[in-house]
Structure formats: structure tokens, C-alpha cells
Amino acid sequence: MEVKAIWQGGRAFEAKGLSGYPMTMDATPTYGGEGKAPTPTEMLLSALAGCIGIDITMILKPHLEKIQSIEITVDGTRREEMPTAFTAAELLFDVKGDIDAKKVIRAIKLGEEKYCAVSASLKADITHRLILNGEEIEMPE
């Protein structure tokens, strides 16, 4: 897989992969950017959410008609010193629908442990929480 990022001036870059869709990134004003696009670290956390989201929808494919919504919030913790790499990430899955919690938990675990290339590529400690129909469900270790 190859992605090419082309400088757009200032601190902004536009990247394109094999899909051909442009992804613009910029730094915050603190780092000399204009803040006109997501930062690369925001895109990394977005990629984590998207990757495991795609995986769990594939795993839950036979049950998708019972699911009304899936929202994934990623809260990343970074080192204070440079490089300010992510040391931890908590993924909160907010799922609504007529689906058994065990099926959702299994899908999250499989996505994380077997399929999600983004989480497998990160050195961060990744944890999960599940809210199903407004109720927090305990995730097994």
C-alpha cells in the first residue's frame, strides 16, 4: 500500500492513497499551521475508529438489520515529551439496537485481536468500553 502526501503550503499536506480520495491535513496554529484540516494525529485516531468499526460491521453482518446506530469515540493519551506518541487509547462503542451484548463484545474483541490493522500497528495500550442501548456493559478482560 502506498500513500503520497503533497505539500500545500504552510504546514498543510494533501495525501492520496490507492482509493484516490484526497485527505487534507494541517497543523494547529500552535505548530505553525492554520488549523484548516484535521491534524495527522486526529486522522490516526479516526483511522483506528474506522478500522475497528468496519471490522465489527463485517463480523456483525448477519445482525446489522437489528442495529440502529454505532458510534465509536476514541480518547487518546499522549506522552508529554517528544515525540508525543499515543501511549493509550480508549474506544467507547455506543451501540443501539436489538442485539445481544455478547455478540457485540465478541465482534469488538475479534476486531481488535484479529482483524484491525490500525490497532495492530499502534504501540498504545488500547482498551474498550461498550454502551448498549444506554447501559454500560462490562467488557471481559
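Everything below is about the structure printed above this text.
Conventions and cut-offs
Every chain is numbered on its own, with residues counted from 1 as its sequence reads. It should be noted that, the model being predicted, local features are given only for residues of pLDDT at least 70 and side-chain atom pairs only at 80 or more, the latter also being counted only at that level, while totals for whole chains, interfaces and linings use all residues. Here the side-chain values reflect all heavy atoms present in the structure, with hydrogen atoms and water set aside. A pair of strands is considered paired only if DSSP assigns at least 2 bridges between the two. Comment: elements are numbered from the N terminus, with helices defined as DSSP H or I runs of at least four residues and strands as E runs of at least two. Fitting a line to C-alpha atoms yields each axis, with helices limited to the stretch in contact; the angle taken between N-to-C directions then spans 0 to 180 degrees. Candidate patch residues must exceed 30% relative accessible area and have no salt bridge, after which like charges are joined if within 9 Å and Val, Leu, Ile, Met, Phe, Trp or Tyr side chains if within 5 Å. To be clear on the numbers: accessible area is Shrake-Rupley with a 1.4 Å probe, and residue cover counts the displayed protein chains and nothing else. In what follows, salt bridge is the name for a side-chain nitrogen of Lys or Arg lying within 4 Å of a carboxyl oxygen of Asp or Glu. Buried, partly exposed and exposed residues are distinguished by accessible area as a fraction of the type maximum, computed with a 1.4 Å probe on protein chains only: under 20%, between the cut-offs, and over 50%, respectively. Throughout this description, the term nonpolar core refers to a set of buried Ala, Val, Leu, Ile, Met, Phe, Trp, Tyr and Cys residues connected via side-chain atoms within 4.5 Å. Whether two residues touch is decided by their heavy atoms; if any such pair falls within 4.5 Å, the residues are in contact.

### A look at the sheet that holds strand 5 (residues 86-97)
At step 1: Across the sheet, which stays open at both edges, the four strands sit in the order 4-5-6-7 with mixed pairing between neighbours. Two strands bound the open sheet, and with one partner strand each, they are strand 4 (67-78) and strand 7 (135-137). Strand-to-strand twist of the sheet, defined as the mean angle between neighbouring strand axes without regard to direction, takes the value 25 degrees.
At step 2: The pairing of strand 4 with strand 5 spans eleven bridges and is classified as antiparallel. Within strand 5, the position partnered with R78 by the bridge is F86.

### Side note on a nonpolar patch on the surface
At step 1: The grouping of M1, V3, L18 and M23 at the surface amounts to a nonpolar patch, some 530 Å² of accessible area in total.
At step 2: Looking at the element boundaries, V3 is found in the segment before strand 1 (4-9).
At step 3: Here V3 falls in the partly exposed class, since its relative accessible area comes to 48%.

### Digging into unusual backbone geometry
At step 1: A cis amide bond links M82 to the next residue, P83, at an omega of -10 degrees.
At step 2: Relative to the helices and strands, P83 is located in the loop between strand 4 and strand 5.
At step 3: Positive phi is not limited to glycine here, since N133 has a value of about 55 degrees.
At step 4: Within the secondary structure, N133 sits in the loop between strand 6 (125-132) and strand 7.
At step 5: Look at N133 and you get partly exposed, because its relative accessible area is 45%.

### Examining the nonpolar core
At step 1: Formed by 29 residues in total, the largest nonpolar core has its most connected members in L48, F93, V95 and L130.
At step 2: For this core, the elements supplying multiple residues, two or more each, are helix 1 (40-59), strand 4, strand 5, helix 2 (101-115) and strand 6.
At step 3: Considering every element that reaches this core, the biggest residue donor is helix 1, with seven residues.
At step 4: Once you skip the residues sitting within four places of it in the chain, F93 turns out to touch I52, I56, E71, I72, I108, H128, R129, L130 and I131.

### Describing the pattern of salt bridges
At step 1: With the rule as written, the count across this model stands at five salt bridges.
At step 2: Here R79 ties to E81 by a salt bridge, and the two come within 3.7 Å at their closest N and O atoms.
At step 3: Residue class for R79 comes out partly exposed when judged on its relative accessible area of 32%.
At step 4: In this structure, R129 and E90 form a salt bridge, with 3.5 Å as the shortest nitrogen-oxygen distance. Separated by 39 residues along the polypeptide, R129 in strand 6 and E90 in strand 5 bring together distant segments of the chain.
At step 5: Under the relative-accessibility criterion, R129 is labelled partly exposed at 27%.
At step 6: Residues joined in a network through salt bridges with shared partners are E90, R129 and E136.

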